[in-house]
Amino acid sequence: MPMPPVDLSGEANWTEFDAPSLVGASLRFVSGEPEGDRYRVRYYRNADGALRARIWFGPETEGPPGHAHGGSMAAVMDEVLGLAAWAAGYPIVVGNLNVDFRNLLPLQQVVTVESEILSTSGRKVMVRGRICKGDTVYAEADCLCITIPEQAAAELAGKH
Ligand SMILES: CC(C)(COP(=O)(O)OP(=O)(O)OC[C@H]1O[C@@H](n2cnc3c(N)ncnc32)[C@H](O)[C@@H]1OP(=O)(O)O)[C@@H](O)C(=O)NCCC(=O)NCCS
Ligand SMILES: CCCCCCCCCCCC(=O)O
């Protein structure tokens with residue numbers, strides 16, 4: 001029996017962000033089942049244009065009983081922080097991702113992923129993010145993104 005709908009609405013000054021229109025429909029692992037029992041995700045930009053996500057961790061993301069698998073949080077960081085770089089105008093793939101797990105994340109609650117572009121240097125784009133709810137931080141991550149040539153991005157997109 002499918003889980004009931006969840007409220008993924010954003011804050012008042014956020015605007016909805018259409019990820020597939022930017023990067024195509026390939027990002028199905030995290031955001032491909034909006035009514036499934038794994039993750040449910042909705043993307044936004046905040047008032048400064050930075051990417052935000054509301055994410056529900058469903059029962060299929062379980063690791064420790066009743067709580068999210070660390071890998072499920074890492075996968076979210078990978079997608080959201082990579083997408084944050086794309087949303088900021090950088091065609092990238094993720095080169096390195098470091099995740100700190102700060103608190104066990106109880107399943108079946110909606111949390112927020114915040115992201116910010118920290119720096120750029122040559123082909124390197126550093127993105128930082130955190131999974132949080134209120135004052136509780138569940139995970140923090142630093143993500144090194146590497147820009148790829150437009151041609152390579154176009155070829156990737158052509159494989160959708
Ligand atoms: C990331 C990737 C494109 C880099 O390969 P490349 O285009 O040959 O680029 P280079 O190895 O020359 O690296 C470019 C720069 O990024 C740095 N870099 C690349 N990967 C890095 C890593 N994992 N850690 C630290 N620095 C890294 C390099 O040191 C180099 O820095 P410099 O310009 O200061 O010398 C390639 O390794 C790749 O495709 N990896 C797989 C990515 C992936 O599958 N991600 C998950 C899906 S998005
Ligand atoms: C235009 C096609 C290329 C789309 C790549 C989007 C990458 C966003 C981040 C994904 C992170 C990952 O897959 O590890």
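Because the structure is predicted, anything quoted here is derived from the model rather than measured.

1. Structural notes on the nonpolar core
So, point 1. Judged by nonpolar contacts, the single largest core of 35 residues is most densely connected at Y43, I55, F57, V76 and I131.
So, point 2. Looking at this core, the elements that each hand over two or more residues are α1 (19-23), β2 (39-45), β3 (51-57), α3 (70-87), β5 (110-121), β6 (124-133) and β7 (136-147).
So, point 3. Sorting elements by how many residues they give to this core places α3 first, with ten residues.

2. Quick word on the sheet that holds strand β4 (residues 92-101)
The strands that make up a sheet are held in pairs by hydrogen bonds between backbone atoms, and each pair lies either parallel or antiparallel.
So, point 1. The seven strands lie next to each other as β1-β2-β3-β5-β6-β7-β4, forming an open sheet whose pairing is antiparallel. Each edge of the sheet is formed by a strand with only one pairing partner; in this case those strands are β1 (15-16) and β4.
So, point 2. The sheet contact formed by β5 and β6 spans nine bridges and is antiparallel. Residue pairing across strands places E116 opposite R128, the latter belonging to β6.

Thresholds, definitions, all that
Residues numbered from 1 in each chain as written. Chains lettered and ligands numbered in written order. Predicted model: local features only at pLDDT ≥ 70, side-chain atom pairs only at ≥ 80, totals over all residues. Heavy atoms only, no water. Core = buried A, V, L, I, M, F, W, Y, C linked by side-chain atoms within 4.5 Å. Buried < 20%, exposed > 50% of the residue type's maximum accessible area, 1.4 Å probe, protein only. Helix = DSSP H or I, 4+ residues; strand = E, 2+ residues; numbered from the N terminus. Pairing = 2+ DSSP bridges.

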